[in-house]
Amino acid sequence: MAKRFPIIAVIGLGTTGSVLASMVARSGRRVIAVDTDASALDRAGARLADTGPGTVDLTTRPADIASADLVIEAVPERMTTKCEVLRHADHACAPDTVFATTTTGLSVTDLAFGAGRPRRTVGLHLFPQGPTDRATAVEVVGTPLTDDSVRTDVQALIHDLGQVPVPVPDRAGFVGGALTMAYLNDAATMYEQRYASRDGIDTAMRLGCGLPRGPLAHLDAIGLDVARDTLHALYERTGERRFLPAPVLTHMVAAGLLGSKAGRGFYDYDSPDADADAAADPSDALPAARPVRRIGVVGSGTMATGIAETCARAGYPTALVARSEVRAKEALAAVEHSLNRSVQRGRLTPEQFASSMESLTGASGLEAVADCDLVVEAVVEDLDVKRTVFRELDAVCGAQTVLATSTSSLPVIECAMATGRPEAVVGMHFFNPAPVMKLVEVVRTALTSRETLAVAHTTATALGKRPVGCADRSGFIVNALLFPYLNSAVALLDEGIVTAEGIDTVMAQGQGYPMGPLQLLDVIGLDVSVAILRTLHTTFREPRLLPSRPLEQLVAAGHLGRKRGQGLRRHER
């Protein structure tokens, strides 16, 4: 069968255009690569020098596209610029030539009318900064007037190019743009507010969520000017504050700090060792920490047993306190089972297993942690329960003991004020599963002493973790950035215009995330997710933080995600 679209023109040879031209040439097709900037054409020529069996004709003359069967515009994210390019293409090309626009934030429908051929225009939303070692998702955007044959042929082309086509309607940001740009904008705002450092934000999202890169590095890769223009287009189209570009983006663009393509953005790419982090982590200048010889863990659930296992494996004598002797024995058995699996998988030697179990003891009374230098509370995520535990710990523990809460979203200061030593209370938010996940968010309140912070950071490092400091605010870093994104994905599903599989495919195979947002919600647990969203909404009062209707309905029906076999998707048990 003859190739669909044997001659393809690509207009605009920035990042997206160059990626497209390379993909098309590798498929054996002829590419007409157009850029009116001669220097951009030279740079693109160097990138496209070895692209496989296809041919690439480089030109600065837009009229050279006359023979193309498909014209793809990949020029900057401005409606007037794109429409002008497409109108010129309409005059130059045959009536049956198909047009594609690579917009993220603009209306494909408006661009199709601006081009003069609404029935033969589609959108192609690529993720050129995503993974390159496997097939990635490409959103194929149809308008209400797009011919079915055009949709079918363009989706088939994407498949021919070795990518995964995901059909989506023409809504603001489609799937990938809407979810990603709001998340990146939130991260820029967090940095601008000096809530956490540049490295802290990026490290937290990489280690806490398994993302291929942090959000600020992602913005640098996109280009801060491109990100700002895309956000502006989405804001103009929707009026939603989540898309209003963070002022820091506008400021950096005005200063010429456009990201990796300019050599400097949030990071300095010309001098990688330079410290360009204007919001440095206060932990960088902490005093030497008091030694921690013994650690206590209060709780018997998954997080408590995981933290206790982590401490014991690191060689710390560890006391685990549960509500009863029975629960304490069950918790020790859970740790033993987990350690046994590590031995079976070759991650732990029998000698290390024996040493870890010898380091661990269980009890039902808090007196067992009285002589500990650090006690980590990991009980149920209920503020009243946690405050009671902290009052009791304050009464039994020595004056030098540091008390930490592993809460994921509750205010640490509320736990601290239940004691007579608020300066010795800190948040240490471990991530599940604690023995595997490398991140620990170290949360400081307005009263936490620098000596306490030093103990928390030093101990986390000794446990083999990467501590990241942040202030005491609901959600800390990871949950504050993650859950608005997850909630928006559910709201998108509730519109009924994109399938759950389509949403997850775009984010997993487009952005290279470990899993799609709906799959991740099922893993976390919908009940847990609703509770975190409610806490975030109580703090920030933003409508987008109210749990989406399907989440509330599924939790009410007992469909809590993977642990119950049914959530946003069905799971084998």
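Residues numbered from 1 in each chain as written. Predicted model: local features only at pLDDT ≥ 70, side-chain atom pairs only at ≥ 80, totals over all residues. Heavy atoms only, no water.

(A) Seen up close, the pattern of salt bridges. Tallied over the full model, the rule gives 29 salt bridges. In this structure, Arg30 engages Asp57 in a salt bridge whose closest nitrogen and oxygen atoms are separated by 2.8 Å. With Arg30 in strand E2 (residues 30-34) and Asp57 in strand E3 (residues 55-59), the pair connects residues that are 27 residues apart, well separated along the chain. The exposure class assigned to Asp57 is partly exposed, which follows from its relative accessible area of 31%. (Salt bridge = Lys/Arg side-chain N within 4 Å of Asp/Glu carboxyl O. Helix = DSSP H or I, 4+ residues; strand = E, 2+ residues; numbered from the N terminus. Buried < 20%, exposed > 50% of the residue type's maximum accessible area, 1.4 Å probe, protein only.)

(B) Inspection of the environment of Ala221 at higher detail. By the element assignment, Ala221 lies in helix H8 (residues 215-222). C-alpha of Ala221 to C-alpha of Lys261: the two residues are 40 residues apart in sequence and 7.6 Å apart in space.

(C) Examining the side chain of Asn185 more closely. Relative to the assigned elements, Asn185 resides in helix H6 (residues 176-192). A relative accessible area of 3% means that Asn185 is categorised as buried. Here Arg242 takes part through its backbone oxygen, which lies 3.0 Å from a polar atom of the side chain of Asn185. (Polar contact = N/O pair within 3.5 Å; in protein donor to acceptor, adjacent residues only side chain to side chain.)

(D) Quick peek at helix H13 (residues 350-359). For H13, the set of buried residues is Phe353, Ser356, Met357 and Ser359. Taken down its axis, H13 places every buried residue within 155 degrees of arc, on the same side. Pointing more than 90 degrees away from the buried face of H13 are the exposed residues Pro350, Glu351 and Glu358. (Arc of directions from axis to C-beta.)

(E) Structural context of the nonpolar core. Judged by nonpolar contacts, the single largest core of 93 residues is most densely connected at Leu219, Leu249, Phe266, Leu393 and Ile477. Residues contacting Ile477, with those up to four places away along its chain left out, are Met190, Tyr195, Ala196, Gly200, Ile201, Ala204, Met205, Glu441, Val468, Gly469 and Cys470. Ranked by size, the runner-up nonpolar core spans 37 residues in total, among them Ala304, Leu348, Met428 and Ala456. (Core = buried A, V, L, I, M, F, W, Y, C linked by side-chain atoms within 4.5 Å. Contact = heavy atoms within 4.5 Å.)

(F) Structural view of the packing of helix H11 (residues 302-313) against helix H12 (residues 325-344). The N-to-C vectors of H11 and H12 enclose an angle of 60 degrees; their axes lie 9 Å apart at closest approach. Relative to H12, the element H11 is oriented oblique. With respect to the hand of their crossing, H11 and H12 are arranged in right-handed fashion. Together, Thr305, Glu309 and Arg313 of H11 and Ala331, Ala334, Val335, Ser338, Leu339 and Ser342 of H12 make up the contact between the two elements. In the contact of H11 with H12, the residues fall into 4 nonpolar, 3 polar and 2 charged. (Axes fitted to C-alpha atoms, helices over the stretch in contact; angles between N-to-C directions. Parallel < 35°, antiparallel > 145°, perpendicular 65-115°, else oblique. Left-handed = near helix turned anticlockwise from the far one by under 90°. Nonpolar A, V, L, I, M, F, W, Y, C, P; charged D, E, K, R; others polar.)

(G) Fine view of the packing of aromatic side chains. The tally for this structure, following the rule as stated, stands at 4 aromatic pairs. Look at Tyr191 and Phe266: their rings are 5.4 Å apart centre to centre, the planes differ by 90 degrees, and that puts the pair in the edge-to-face class. Taken together, the residues span a long stretch of sequence, with Tyr191 in helix H6 and Phe266 in the loop between helix H10 (247-254) and strand E9 (295-298) at a distance of 75 residues. Pair check on accessibility: Tyr191 and Phe266 agree, each one buried. Ring geometry for Tyr485 and Tyr513: centres 6.0 Å apart, planes at 75 degrees, overall edge-to-face. With Tyr485 in helix H17 (residues 478-494) and Tyr513 in the loop between helix H18 (500-510) and helix H19 (517-524), the pair connects residues that are 28 residues apart, well separated along the chain. Assessed through its relative accessible area of 8%, Tyr485 is described here as buried. Classification of Tyr513 as buried rests on a relative accessible area of 7%. (Phe/Tyr/Trp six-rings, centres within 6.5 Å; stacked < 30°, edge-to-face > 60°.)

(H) Region of the structure containing H8. Of all 8 residues that make up H8, 7 are buried, and the element is covered over most of its length. Taken together, the buried positions of H8 are occupied by Pro215, Leu216, His218, Leu219, Asp220, Ala221 and Ile222. Summarising the contacts, the buried residues of H8 are in contact with H6, helix H7 (198-209), helix H9 (224-238) and H10. Immediately beyond the C-terminal end of H8, within one or two residues, lies Gly223, with a positive phi of roughly 105 degrees.

(I) Quick look at the sheet that holds strand E13 (residues 402-405). Strand order in the open sheet formed by 8 strands is E11-E10-E9-E12-E13-E14-E15-E16, and the pairing between neighbours is mixed. Here the strands that pair on one side only, and so sit at the sheet edges, are strand E11 (360-363) and strand E16 (466-471). Neighbour to neighbour, the strand axes of the sheet diverge by 25 degrees on average, direction disregarded. Helix-sheet contacts for H11 involve E9, strand E10 (318-321), E11, strand E12 (374-377) and strand E14 (425-430), and the interaxial angle to E10 is about 170 degrees. (Pairing = 2+ DSSP bridges.)

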